[in-house]
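Residue-level structure breakdown
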Amino acid sequence: MPSNILRQYFPFFSSHRSERCVYLDSAATSQKLQSVIDITQQYYQERTVNVHRSSHQLAASVTEQFEQSRKNIQHFIGAKSHKEIVWTKGATESINLVASGLAKNVFKTGDSILVSALEHHANIVPWQQVAQALNLQLEVMPVDAKGVLKLEESLQLITSNTAMVALGHVSNALGNINPIELIIAKAKEVGALTLIDGTQAVSHLAVNVQQLDCDFYVFSGHKMFGPTGIGVLYAKYDLLEQLPPYQLGGEMIKQVSFSETTFQPPPLKFEAGTPNIAGVLGIGVASEFIQLHRTTLLALEHNLYQQLLDTLSAIPQVRLWGDNVNSICVQSFTVQGVSHYDLAVLLDKHNIAVRVGHHCAMPLMEALGIDGTIRVSLAAYNNSADIDIFGAALTECIALLNESVNQMATDNTPFEHKQTRLAPIAESIKQAKSWDQTYRQLMLAGKGLARLQDQYKTDTTAVYGCESQVWIKCCIDEGKLVLEGDSPSKIVRGLLAVMFEALSGKTVNQVLVFNLADYLEALHLGKHLSQSRGNGLSAVVDKIIEYCQHQSPDKES
Ligand code: PMP
């Protein structure tokens, strides 16, 4: 089945969008199958009932369909029984369920929990919080300079004190396939439990939990062509019996009186309340599709990934991260001398959807000594034209960013003061005739912004809520606001220059009535800023306003 034929199963690619989006962000969430949409819609349109409760015919039929989905997932991951499949709202909830349950019933003093430096925050924070609450040791399997798990050192960390090894099957940030078989085998030797986070794996690799012999395996529906808000916890049945319920309420009980409650056996014991019925039906259909087309999906992904690697390797400034052999079709990279944030902004103007930043793996970025990457994540519905368009756009964006460096280095002409109510930087941006001119002007403005000394780049000056690092330092001098700031992103520095031009030298009361949205509109900038960048800018303004509120003589009133 060639890729263009596969595309027909995904209505996203034939939707009537005026501009075509090259979707290279499937690791964030995948596009949805028509069959998933159909079954979800059919449930809401024609078959809405609750499951496991009512005895009428339709309820019985939908309950059967609901339980069939559980069996689909059982077969999808090779579980021994459908009773080992618990519905959750996603991988995050699955991990939290296991961590909190083990904290209550299983972990004991002296235990240690082992995670890897590659983990998604969802597979770090629940363990970290449990370790802190119970005074357990949290240990970390290390990675090498490219971000590949150091196997020997990792195996050595698994000792008789290890109670749990929690490891991603595939890294969401880098795409590496981890050697989970070897890690699980070593964990078995010392009697440690194992949880495998398969969120990025199940749509790309055939998984058999019985062969793996892991204790827990978790994933989410939305990364495997299925709905959001539905996920899976697989656990060996005896462990599900040992774990306490996660939430309490209807559906998970057998008998309730005011003196005592007894619970259903697993998996219902963990499914309190009305479940995400449409989501369950959707994930069941998605898993069937993947199983049916597994060989085709793998072949298509392999070819696309090779094309992506060739495209990226041909650009001299590009540095690839992670393992490029043992990998699914996800590639993280950085570009020398270019902020990942700036590239993402410009790629977005070419209608190319990629993800940039830390990818919910901040400790990994710290281990690699970088503040983020650009991640291209493919799925079998991508085609070779997508990668060609991406490659050409990437080359163009890098050229634009480099060009502006040279231009800025020689451009000493002061801004011309025109007869206008707007300040010079604002005016130059307003006058820009196209999006690339707008960004050129922004970067030029950013170039004029003084660098903030490193000593001021602290937690106090950091602005959270922007995709790039940003720092703002505010002070009042003779009743007027003085602003300094910095960012590795040229575009963000330009935006700071715009904001500072508008707000520096103003009194506290003037700042407090500043309207960001109106100001951006006046500069024709609003339409160029995506929601998250807009939010980042709002976070900058909020920080300045918060500072001013603390300075305001009216603050007590
Ligand atoms: N683990 C990994 C490896 C992931 O990629 C993600 C999602 N990015 C999660 C866990 C969390 O998944 P969800 O947000 O669907 O709960």
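Residues numbered from 1 in each chain as written. Predicted model: local features only at pLDDT ≥ 70, side-chain atom pairs only at ≥ 80, totals over all residues. Heavy atoms only, no water.

In the vicinity of the ligand, the contacting residues are Gly 90, Ala 91, Thr 92, His 120, Ala 122, Asn 172, Asp 197, Thr 199, Gln 200, Ser 220, His 222 and Lys 223. Between a nitrogen atom of the ligand and a side-chain N or O atom of His 120, the distance comes to 3.2 Å. Taking Gln 200, its side chain carries an N or O atom lying 2.7 Å from an oxygen atom of the ligand. For the ligand, the protein covers 84% of the area, taking 390 Å² as the surface of the free molecule. The class makeup of the residues in the shell around the ligand is two nonpolar, eight polar and two charged. (Near = heavy atom within 4 Å. Polar contact = N/O pair within 3.5 Å; in protein donor to acceptor, adjacent residues only side chain to side chain. Areas by Shrake-Rupley, 256 points an atom, 1.4 Å probe, with all protein chains shown as cover. Nonpolar A, V, L, I, M, F, W, Y, C, P; charged D, E, K, R; others polar.)

With an omega of 0°, the peptide bond running from Pro 266 to Pro 267 counts as cis. In this model, Cys 360 sits at a positive phi of 55°, which is unusual for a non-glycine residue. Counting through the fold element by element, Cys 360 comes out in the loop between β14 (355–357) and α12 (362–368). On the basis of relative accessible area, Cys 360 is assigned to the partly exposed category, the value being 23%. (Helix = DSSP H or I, 4+ residues; strand = E, 2+ residues; numbered from the N terminus. Buried < 20%, exposed > 50% of the residue type's maximum accessible area, 1.4 Å probe, protein only.)

Here we have four strands laid out as an open sheet, ordered β11-β12-β15-β14, and antiparallel in their pairing. Looking at strand neighbours, the two that pair on one side only are β11 (318–321) and β14, the edges of this open sheet. Strand after strand, the sheet turns through a mean of 30° between neighbouring axes, direction not considered. Here β14 runs beside strand β15 (residues 373–377); their pairing, made up of three bridges, is antiparallel. Opposite Gly 357, over in β15, you have Thr 373 as the bridge partner. (Pairing = 2+ DSSP bridges. Axes fitted to C-alpha atoms, helices over the stretch in contact; angles between N-to-C directions.)

Take the pairing of strand β9 (residues 253–256) next. Summarising the sheet, β9 and strand β10 (residues 261–263) pair through three bridges and their orientation is antiparallel. When the sheet's bridge partners are listed, Val 256 is paired in β10 with Thr 261. Hairpin connection from β9 to β10: four residues lie between these consecutive antiparallel strands.

On to the confidence of the model for the protein. Residues at a pLDDT of 70 or more form 92% of the protein, whose mean pLDDT is 90. Low pLDDT, under 50, characterises residues 408–420; the predicted model gives this stretch 13 contacts beyond four residues in sequence or across chains. (pLDDT = per-residue confidence, 0-100. Contact = heavy atoms within 4.5 Å.)

This part covers the environment of Leu 347. Note on placement: Leu 347 falls in helix α11 (residues 340–349). Linking Leu 347 and Met 365, residues 18 residues apart in sequence, is a C-alpha distance of 22 Å. Leaving out residues up to four positions away in the same chain, Leu 347 has contacts with Ile 352, Val 354, Phe 390, Ala 393, Leu 394 and Cys 397.

Our next topic: the sheet that holds strand β3 (residues 112–116). The seven strands lie next to each other as β2-β8-β7-β6-β5-β3-β4, forming an open sheet whose pairing is mixed. Every other strand in the sheet has two partners, leaving β2 (85–88) and β4 (137–141) as the edge strands with one partner each. Strand-to-strand, the axes of this sheet are offset by a mean angle of 20°, without reference to chain direction. Most of the contacts of helix α5 (residues 125–134) go to β3, to which it runs at about 160°, and overall it touches β3, β4, β5 (162–168) and β6 (193–197).

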